[in-house]
Structures are given as C-alpha cells and as structure tokens.
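# Architecture and fold: a report
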Amino acid sequence: STRDFRMFPVLPALRGAESLTSLACRNLSYAGGKVPSTTQNVIGGQWVESSTDKWIDVCNPATNQVLTKVPQTTLAEMEQAVESAKGAYGSWSKTSPMARQQIMFKYQQLIKENLTEVAKLITTEQGKTLADAEGDVMRGLQVVENLCANTSLMMGETLTGIAKDMDLTSFKTPLGVCAGIAPFNFP
C-alpha cells in the first residue's frame, strides 16, 4: 500500500520511477501549506490521531491565529512508536549503505524542489522573514548534503600486523532504535 511508510522490506523492488522517499513524501507532508487543525503522530508510517487530552497551540506570531494543535503524546503512544521502530529495525538494519544514500539523495532533491514552500511554512509558524526562513532551509539542506557522503564514514577499519600473527578488524553496524529531541522552534 502506498499509505504504508514501512517499505523497508521492499527496498530492492524500488528501482523504478518510484522510490521509498517519493512514496512516503506523498503521504507524510503538509504539501501546499495545508496544515491540519491538529497535528497527528506518525507511528508505523501512518498518521495517527493522538488520544491525549493535552494539546499545545501553535500560533502564527504575526496574527496570533492558532495554526494547529500539537499533542502532548501519551506514554502509550510513545511506546507504540518505539515498538514500531524496533519492528522496522530488522529490515532497515539490513539495508545497504548505498540504498540509504539513495534515500538521502532523494531527500536532498525534495528539499531543493520545495525550498520556498517549506520556508513559507516556517514563516507562518515562527514569524521569521521569508529570507531568514529560506536560510534555515538551506542550512538544513547542507546537513542533508553532508549526510549523503556518510557511506564512507560507515566503513570499518582493518589494521594488519598490530601484533605477531594478529590483525584487527572493526565493523560499524546499526545498534537499534534511538531517539532525538530537537527544539520545536528551529527546523
């Protein structure tokens, strides 16, 4: 299903016109600047309405109009997201560095194609000038471009002859699910 973001098992089949990223972006974006009245969680690649009773208003600082409400996601929803990520880990950890790089290249392309639209969303939500918001998107793009080169950083190392009849080999392997906390007001 194209509504399912958990496409990791079918990565080898995504060699045609559609890629993992294009399938996911079609469903997991605010295309056209259409922000919903409540922001949903993304769990298991699906938009999921939170069951919380606590919401945070996100206001346009220029008009003080509420743009959307962001859930204070429940513990159960957070645990469900972690379990979903653990489930995706099995196939994602087997995804080759080159396939991951292709996803980052597609992400880079999508940022470039939608730079103005993303900047307008930042302006609306944060009150930045459009030029400043475009600068934020460009800084994010620079991070993505740097990550496109990560395949060389994923290589292990081999040290031959470190002792008599001994070589040392290191491997870099995915460890599992992790979480990142980012400031809500800086993309």
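Remember, it's a predicted structure, so these values are computed and weren't measured experimentally. (Residues numbered from 1 in each chain as written. Predicted model: local features only at pLDDT ≥ 70, side-chain atom pairs only at ≥ 80, totals over all residues. Heavy atoms only, no water.)

### Re the overall build of the chain
Secondary structure assignment for the chain yields five helices and six strands. Moving toward the C terminus, one meets the helices and strands of the chain in the order α-β-β-β-β-α-α-α-α-β-β. Counting across all 187 residues of the chain, residues that qualify as buried make up 21%. Element-wise, carbon and sulfur atoms account for 59% of the exposed surface of the chain, whose accessible area totals about 12600 Å². (Helix = DSSP H or I, 4+ residues; strand = E, 2+ residues; numbered from the N terminus. Buried < 20%, exposed > 50% of the residue type's maximum accessible area, 1.4 Å probe, protein only. Areas by Shrake-Rupley, 256 points an atom, 1.4 Å probe, with all protein chains shown as cover.)

### Focus on helix 5 (residues 130-147)
The first and last C-alpha atoms of helix 5 sit 26 Å apart over 18 residues, in line with the 26 Å expected at 1.5 Å per residue. Its buried side turned inward, helix 5 meets helix 3 (97-113) and helix 4 (115-126). (Expected span 1.5 Å × (residues − 1). Contact = heavy atoms within 4.5 Å.)

### Observations concerning unusual backbone geometry
In this model, Asn-64 sits at a positive phi of 65 degrees, which is unusual for a non-glycine residue. Relative to the assigned elements, Asn-64 resides in the loop between strand 3 (55-59) and strand 4 (66-71). With a phi angle near 60 degrees, Asp-165 is a residue other than glycine that sits in the positive phi range. Relative to the assigned elements, Asp-165 resides in the loop between strand 5 (157-163) and strand 6 (166-170). Taking relative accessible area as the criterion, Asp-165 reaches 76% and is therefore assigned exposed.

### Examining the packing of helix 4 against helix 5
The interhelical angle for the contact between helix 4 and helix 5, taken along N-to-C directions, is 120 degrees, at an axis separation of 8 Å. Judged by the angle between their axes, helix 4 and helix 5 are oblique. Where helix 4 crosses over helix 5, the two elements pack in a sense that is right-handed. Facing Leu-115, Thr-116, Val-118, Ala-119, Lys-120, Ile-122 and Thr-123 of helix 4, the residues of helix 5 in contact are Leu-130, Ala-133, Glu-134, Asp-136, Val-137 and Met-138. Across the contact of helix 4 with helix 5, the residue classes tally to eight nonpolar, two polar and three charged. (Axes fitted to C-alpha atoms, helices over the stretch in contact; angles between N-to-C directions. Parallel < 35°, antiparallel > 145°, perpendicular 65-115°, else oblique. Left-handed = near helix turned anticlockwise from the far one by under 90°. Nonpolar A, V, L, I, M, F, W, Y, C, P; charged D, E, K, R; others polar.)

### Side note on the nonpolar core
Grouped together as the largest cluster of nonpolar side chains are eight residues: Ile-111, Leu-115, Ala-119, Ile-122, Ala-133, Val-137, Leu-141 and Val-144. Taken together, the elements giving at least two residues each to this core come down to helix 4 and helix 5. The element contributing the most residues to this core is helix 5, with four residues. In this view, Leu-115 contacts Glu-134, Val-137 and Met-138; residues no more than four positions away in its chain are not counted. (Core = buried A, V, L, I, M, F, W, Y, C linked by side-chain atoms within 4.5 Å.)

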